[in-house]
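Chains, contacts and geometry: an overview
Next come the chains, spelled out residue by residue.
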Amino acid sequence: MKEFVDYFWGEKNGGFDVLYHNMKHGLVSSKELSDHIRERCQIEENYSRALTKLSKSAANSTSVGTFAPVWQILKNSSERLSGLHMDMVHKFQEIVKDIQKYSEEQHKKHKTMKDQESGTLEVVQSIQQTTQLVQKAKESYAARCLEYEKFKRDTGASPKDVEKAEVKFKKALDDYKSLLEKYTNVRNDFEKKMLVSCRNFQEVEIDHIRKMKSFIESYAKASENNHSLIQQVHVAFKQQSDEQTVEKLIDQFIQTKTTGVEKPGPLEFEEADLSNLPLASSPEQQEKQNSSHDSKLKEKGRQCERAWMHVCILDVVRTPLVHCGSYRLDLKAHTKFTGKVTTVC
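As the structure is a computational prediction, the values presented were derived from the model and not from experiment. (Residues numbered from 1 in each chain as written. Predicted model: local features only at pLDDT ≥ 70, side-chain atom pairs only at ≥ 80, totals over all residues. Heavy atoms only, no water.)

1. Digging into the side chain of glutamate 205
Keep this limit in mind: Put simply, DSSP marks the helices as runs of H or I at least four residues long and the strands as runs of E at least two long, and each gets a number from the N terminus on. A simple rule labels every residue: compare its accessible area, found with a 1.4 Å probe on the protein chains alone, to the largest value its type can have, and call it buried under 20%, exposed over 50%, or partly exposed in between. Lys and Arg are tallied as positive, Asp and Glu as negative. Neither His nor the chain termini are counted. When a carboxyl oxygen of Asp or Glu is within 4 Å of a side-chain nitrogen of Lys or Arg, the pair counts as a salt bridge. Working rule for contacts: check all heavy atoms of both residues, and any pair within 4.5 Å makes them a contact.
Topologically, glutamate 205 is positioned in helix H4 (residues 159-243). Despite its burial, glutamate 205 remains without a salt bridge, the nearest opposite charge being carried by lysine 109 at 9.8 Å. Those residues within four positions of glutamate 205 in sequence are excluded, and the remaining contacts are Phe4, Asn22 and Met23.

2. Description of the packing of helix H1 (residues 15-59) against H4
The criterion, for reference: Lines fitted to C-alpha atoms define the axes here, with helix axes fitted over just the stretch in contact, and angles between the N-to-C directions of these axes take values from 0 to 180 degrees. Roughly parallel means an angle under 35 degrees; roughly antiparallel means over 145; roughly perpendicular covers 65 to 115; every other angle is labelled oblique. If you view the pair so one helix is near and one far, a crossing is left-handed when the near helix is turned anticlockwise from the far one by less than a right angle, and right-handed when it is turned clockwise. Gly counts as polar in this scheme, as do all residues outside two lists: the nonpolar Ala, Val, Leu, Ile, Met, Phe, Trp, Tyr, Cys and Pro, and the charged Asp, Glu, Lys and Arg.
With their axes 10 Å apart at the nearest point, H1 and H4 run at an angle of 15° to one another. Taken together, the axes of H1 and H4 are roughly parallel relative to one another. Judged by the sense of rotation from one axis to the other, the crossing of H1 with H4 is left-handed. Of the residues contributing to the contact of H1 with H4, the split by class is 14 nonpolar, 10 polar and two charged.

3. Digging into the pattern of salt bridges
Pairing is possible between side chains that carry opposite charge, provided their charged atoms lie close to one another. Scanning the entire structure with this criterion turns up 15 salt bridges. Here aspartate 207 makes a salt bridge to lysine 109, at a shortest N to O gap of 3.6 Å. Of this pair, aspartate 207 sits in helix H4 while lysine 109 sits in helix H2 (residues 68-116), and the two are 98 residues apart along the sequence. Taking the relative accessible area as the measure of exposure, aspartate 207 reaches 32% and is therefore partly exposed. Of the charged contacts, one joins lysine 170 and glutamate 166 as a salt bridge, the two residues approaching to 3.2 Å between their closest N and O atoms. Here the residue lysine 170 and the residue glutamate 166 both occupy positions in helix H4, the gap between them amounting to four residues, near one helical turn. Under the relative-accessibility criterion, glutamate 166 is labelled partly exposed at 25%. Here the salt bridges do not stand alone but share partners, grouping Lys31, Asp35 and Arg38 into one network.

4. Regarding the environment of cysteine 198
Within the fold, cysteine 198 resides in helix H4. Sequence-wise, cysteine 198 and tyrosine 20 are 178 residues apart; in three dimensions their C-alpha atoms are separated by 9.6 Å. With sequence-adjacent residues up to four places away left out, cysteine 198 is seen in contact with Phe4, Val5 and Leu19.

5. A short note on unusual backbone geometry
Non-glycine residue asparagine 13 carries a positive phi angle of around 55°. On the basis of relative accessibility, which here comes to 9%, the residue asparagine 13 falls in the buried class.

6. Quick look at the side chain of glutamate 117
Take glutamate 117: it is sitting in the loop between H2 and helix H3 (118-153). This buried residue, glutamate 117, is left without a salt bridge; lysine 193 holds the nearest opposite charge, at 9.3 Å. Those residues in contact with glutamate 117, other than ones at most four positions away along the chain, are Phe16, Ser197, Asn200 and Phe201.

All quantities given are derived from atomic positions and should not be read as evidence of function.
Next up, the structure:
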């Protein structure tokens, strides 16, 4: 494995800044992974609910006809798939909880690292500033040296100008050497602290990567196991569907809906039953019945006549007459006698 201590130096001494921000990005990565799995949970939960709704729809489908057994298979398959996807939601939620717990620990560890590496941060800033000062001192020294040499070689220059140039040259030289010495000290301190910081940052990063990979492995394993169970449901569904052959569906329909096996027999003409009717009368019997009926009518007429004569005795007046059979009755006289208009027969 490559080491951070070999790859984060450079002219601008920016390795520490890169490693520190990379550590901070680890916290962002864990949060983004948590959000990703949480979103996957939502997708799986919505899918589970959709399958439950689909299962109810299959249950409400027609339960009659030759295709009815297949609807039961569809319902059971959708219910099992819905349950498996909800199981996946629960497993993913546990992973999200673990990531959130790790994020809290990670945040605390980053604060500790910040305090622990503050000395390195200071020396990094110091060496960056010292490097800039050395560069400026170097440029100033080069300019004063050139100026001093010009005055020395110029025969027309006055001794005073040469002396001034020499003073500036010596001062620039002393400043340059002083900053170089300071830079050496700072650089030694920087190297020592940077070596330690690189190792610390790499240790934190290795732990972070291992932890993140463990989450990914749990996530992948949960998905793999769940999809294996889902595959079993699909295999069982296909097997059950294949078992429902055309012949079997027809047989099941016949067994549950049969109305009988006997065909209707032939029907023949049957004479009407007249045994309950009375026997027919002879001509002599018919004539005797008619004579008896006439006698009854005559007797009724005589009764009406007697009643009429009785009424007339009470009050004989001229009144409209009505017929009762072949006899005439005085309605007014009768009304006066009885108090109501009726026909007395």
